[in-house]
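As a plain string of letters, each chain reads:
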Amino acid sequence: MTVKKIVCLENGEWLNDEVMNFYLKLIQERSDKAGCMNIHIHNTFFFSKLTENDSYQYGNVRRWTRKIDLFEKDVVIIPVNYENIHWALAVAYVKSKHLVVLDSRKNSSRCMSTLKCLRKYFLDEYLDKKKIKDPKGEESWSFVSIKSIPRQKNNYDCGVFTCVYALCVASGIGLNFSQQDIPLFRKHM
């Protein structure tokens, strides 16, 4: 990590992939040490590779989990970058088979598309790693909508919101923060 890369943590700047991946890796390591929740955090390139050329591409990410059994995890966290201009966070609660998208700029159609793609991903991942189809298929994964989450009030804090959502989910705490807290989170990061 270089000073040039972390300049994006200054107020009013968009977060880049390197800073987001570094921070998400710290969250992963903290969670692994704490041992409270068994989580896996994909890097920021995962969803882009899964949906490369605007189509679902399981083959692009099939090997990304060759040494990881996602179905042994409690939670899988997936940062999502929409069109290189907006960050959101997808969360898979593996044991209960719930999928949710935490988007600081509510966009229902974009979120629904992400959820459908991730449901297909988990079904394909199950088939690939377990060598059997999920008996309930698509019905086994449900989409959860969280009505009241912290939302950004500008056009540049989506990356920070995404990282804080990930921190809250990985820590098992509620999403009890607001736009006013974002400068403090930038300093924390």
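Residues numbered from 1 in each chain as written. Predicted model: local features only at pLDDT ≥ 70, side-chain atom pairs only at ≥ 80, totals over all residues. Heavy atoms only, no water.

A few words on a nonpolar patch on the surface. Together, V3, I6 and V7 give the surface a local cluster of nonpolar side chains, amounting to about 240 Å² of exposed area. With respect to the element layout, V7 can be found in the loop between α1 (3-6) and α2 (17-34). (Patch = residues over 30% accessible without salt bridge, like charges linked within 9 Å, V, L, I, M, F, W, Y side chains within 5 Å. Areas by Shrake-Rupley, 256 points an atom, 1.4 Å probe, with all protein chains shown as cover. Salt bridge = Lys/Arg side-chain N within 4 Å of Asp/Glu carboxyl O. Helix = DSSP H or I, 4+ residues; strand = E, 2+ residues; numbered from the N terminus.)

A separate point is the packing of α2 against helix α6 (residues 158-171). Where α2 meets α6, the closest approach of the two axes is 10 Å, and the angle between their N-to-C directions is 10°. What the angle tells us is that α2 and α6 run roughly parallel. Where α2 approaches α6, its residues M20, Y23, L24, I27, R30 and S31 are matched on the opposing element by G159, T162, C163, A166, L167, A170 and S171. (Axes fitted to C-alpha atoms, helices over the stretch in contact; angles between N-to-C directions. Parallel < 35°, antiparallel > 145°, perpendicular 65-115°, else oblique. Contact = heavy atoms within 4.5 Å.)

Under the 1.5 Å per step criterion, the end-to-end length of α6 is 20 Å for 14 residues, consistent within 8% with the ideal 20 Å. Burial runs high along α6: 13 of the 14 residues are buried. Phi turns positive, to about 70°, at G172, one or two residues after α6. (Expected span 1.5 Å × (residues − 1). Buried < 20%, exposed > 50% of the residue type's maximum accessible area, 1.4 Å probe, protein only.)

In summary, soluble globular proteins display a tendency toward joint burial of nonpolar side chains. One finds I27, I77 and L102 to be the most contacted residues of the largest nonpolar core, which totals 32 residues. Elements with a contribution of two residues or more to this core: α2, β1 (39-41), β2 (75-82), β3 (86-93), β4 (98-102) and α6. The dominant element in this core, judged by the number of residues it contributes, is α6, at 11 residues. If near-sequence neighbours (up to four positions away) are discounted, I77 is found in contact with I39, H40, I41, H42, L89, A90, A166, V169 and A170. Listed in part, the 26 residues of the second largest apolar core include V76, V101, L115 and C117. (Core = buried A, V, L, I, M, F, W, Y, C linked by side-chain atoms within 4.5 Å.)

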